[in-house]
Amino acid sequence: MRKLLLTLVFALGTQILLFAQINDNSFIKYLDQSFSVYDKLQKAIWKHSELGFLETESSTLLQNHLKENGFSIESNLAGMPTAFVATYGSGGPAIGILAEFDALPGLSQDTISSRQHIDHKDGGHACGHNLFGTGSVAGAVAIKKWLSENKHGGTIKVFGTPAEEGGGGKVYMVRDGVFKDVDIVLDWHPSSSNAVNVGAGTAIQMIDYTFHGKASHAAGSPDKGRSALDGVEALNYMVNLSREHIPSSSRIHYVITKGGEAPNVVPEIASVSYYIRSPKREVLNDLVEWVDQASEGAAKGTQTKVTREIISGFYERLFNKKLSELVQKNLEIVGGVHYDERERKFAEEIVKDLGFETSKLDEAKTVKPLAIENPDQGGGSSDVGDVSWNVPTVSFGTASFIPGSAGHSWQNVASGGTTIGTKALINSAKVIALTAIDLYKNSEIVKDAKEEFEGRRGKDFSYESLIGDRAPALDYRVKK
Ligand SMILES: [Zn+2]
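Summary of the structure given here. (Residues numbered from 1 in each chain as written. Predicted model: local features only at pLDDT ≥ 70, side-chain atom pairs only at ≥ 80, totals over all residues. Heavy atoms only, no water.)

This part covers the packing of aromatic side chains. Under the defined criterion, the tally for this structure stands at 12 aromatic pairs. With a centroid separation of 5.2 Å and an interplanar angle of 40°, the aromatic rings of Tyr-254 and Tyr-274 are classed as tilted. With Tyr-254 in strand S8 (residues 251-258) and Tyr-274 in strand S9 (residues 269-278), this residue pair connects regions lying 20 residues apart in the sequence. For Tyr-254, a relative accessible area of 28% corresponds to the partly exposed category. Exposure remark for Tyr-274: the relative accessible area of 0% places this residue in the buried category. Arranged with centres 5.2 Å apart and planes meeting at 35°, the rings of Trp-389 and Phe-461 form a pair that is tilted. Placement of the pair is Trp-389 in the loop between helix H11 (384-388) and strand S11 (393-399) and Phe-461 in the segment after helix H14 (443-457), with a sequence separation of 72 residues. Classification of Phe-461 by relative accessible area gives buried; the value is 17%. Three or more aromatic residues link up through ring pairs in this structure, and these residues are Tyr-315, Trp-389, Phe-461 and Tyr-463. One cation-aromatic arrangement involves Arg-281 over Tyr-315; the distance from NZ or CZ to the ring centre is 3.8 Å. Stacked on the ring of Trp-389, the Lys or Arg Arg-281 has its end atom at 4.5 Å from the ring centre. (Phe/Tyr/Trp six-rings, centres within 6.5 Å; stacked < 30°, edge-to-face > 60°. Helix = DSSP H or I, 4+ residues; strand = E, 2+ residues; numbered from the N terminus. Buried < 20%, exposed > 50% of the residue type's maximum accessible area, 1.4 Å probe, protein only. Lys NZ or Arg CZ within 6 Å of the ring centre and 35° of its normal.)

What follows covers the sheet that holds S11. Reading across the sheet, the 7 strands line up as S1-S2-S4-S3-S5-S11-S6 and stay open at both edges, with mixed pairing between neighbours. Across the chains shown, the open sheet's two edge strands, defined by having one partner strand only, are strand S1 (72-77) and strand S6 (195-197). Pairs of neighbouring strands in the sheet enclose a mean axial angle of 25°, with direction left out of account. (Pairing = 2+ DSSP bridges. Axes fitted to C-alpha atoms, helices over the stretch in contact; angles between N-to-C directions.)

With 83 residues, the main nonpolar core has Leu-66, Ile-143, Ile-156, Phe-179 and Leu-439 as its most contacted residues. Looking at which element gives the most residues to this core, the answer is helix H13 (residues 419-441), with 11 residues. In this view, Ile-156 contacts Phe-71, Ala-86, Thr-87, Tyr-88, Ile-95, Ile-97, Ala-140, Ile-143, Leu-147 and Tyr-440; residues no more than four positions away in its chain are not counted. (Core = buried A, V, L, I, M, F, W, Y, C linked by side-chain atoms within 4.5 Å. Contact = heavy atoms within 4.5 Å.)

Encoded structure:
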């Protein structure tokens, strides 16, 4: 018992000491003192809430801040006007940081604890990419301060990656070799907890199927028409029957994006947008082939024609143990998100409305243990997957959202637009900075992470994106 107590006291003492030492660092002080700067920046991006590939203001805000802090900028990359890379320093290792900034359609919401649209506004930052971009930029500026103050060799690169929500900006950047000169990539994402993300998520293929029929009067001359909507419905019916026979970890979902104009006109054109997902790329390929075959069967049976367009496709994430352990150490040093009285009141209202006890909020201030043996099996997908198969990558989250809230929810838009979001992004910036500095100081970790990466992806691996040779779907969020 005494020994246990002594160990505990020692562990706690080390933690407090580490925390005190960390707070003495000028780059950590810089982040603490710049709270209002980054609060303003994230809220400006939150207000713009620009959708995928349309993030001109948000991308410019981030680029300007980096430029003002001594980074050189290349923008308009891989056919995407809002993509950029900001670079500082020279020599190795080169550490990359991902920065997203796109919002989601239909999720406008005020920063209050009940559902409230903002007038004349469609998009909302329900995935917290306003925080993602700002936190990464803040981390990069802190690293730059450390590199210049210590006259240390090493390069830092911020990758401004557009349209994560379905547009897959990173996939085009990977395909064009934009990541080829970096040794390690650090990735974070707003979350409702503080944890290193060790799950693979799912690989995804996004395909639009368009059916072409013959228009005619639905009552006067139905025999002369062939309904494109019948084609869509037949496809959906067959896919729904297939669900019983596909691996249970797979996901297939669709929305009908065009179904005809009026019931008295047999629809000439109808289309459906599909997301097909699986934790394994090989299984995903089989499922895509199945849905393709069903679309051809549906066209045949309804005497229509079908065309398909791949909108985007992402790899599942490739895990790296060495980097995950390093980030876990730094996340534990930085700790969780602590609410002040006003934030606590807002969080309590949301958590109660969601049907949880207020004790659920404790998750925001604690750091979850590293779950390598039992990774989160969440079915989401991200274009970070493609990056992670090309450069050793590590992902983590900080509690930007109220514990218990769902992904892509109005609660996340609300929380991410407050100082709770800013506190979480500052924590992430600290973790990013501490991790990059560990990597600059200790090239052994970089070497080990790279060796592990090569082993995991296998020596025969060669990257082939799931988007073929298509150009970025720059208008995928433009209302047609
Ligand atoms: Zn996201």
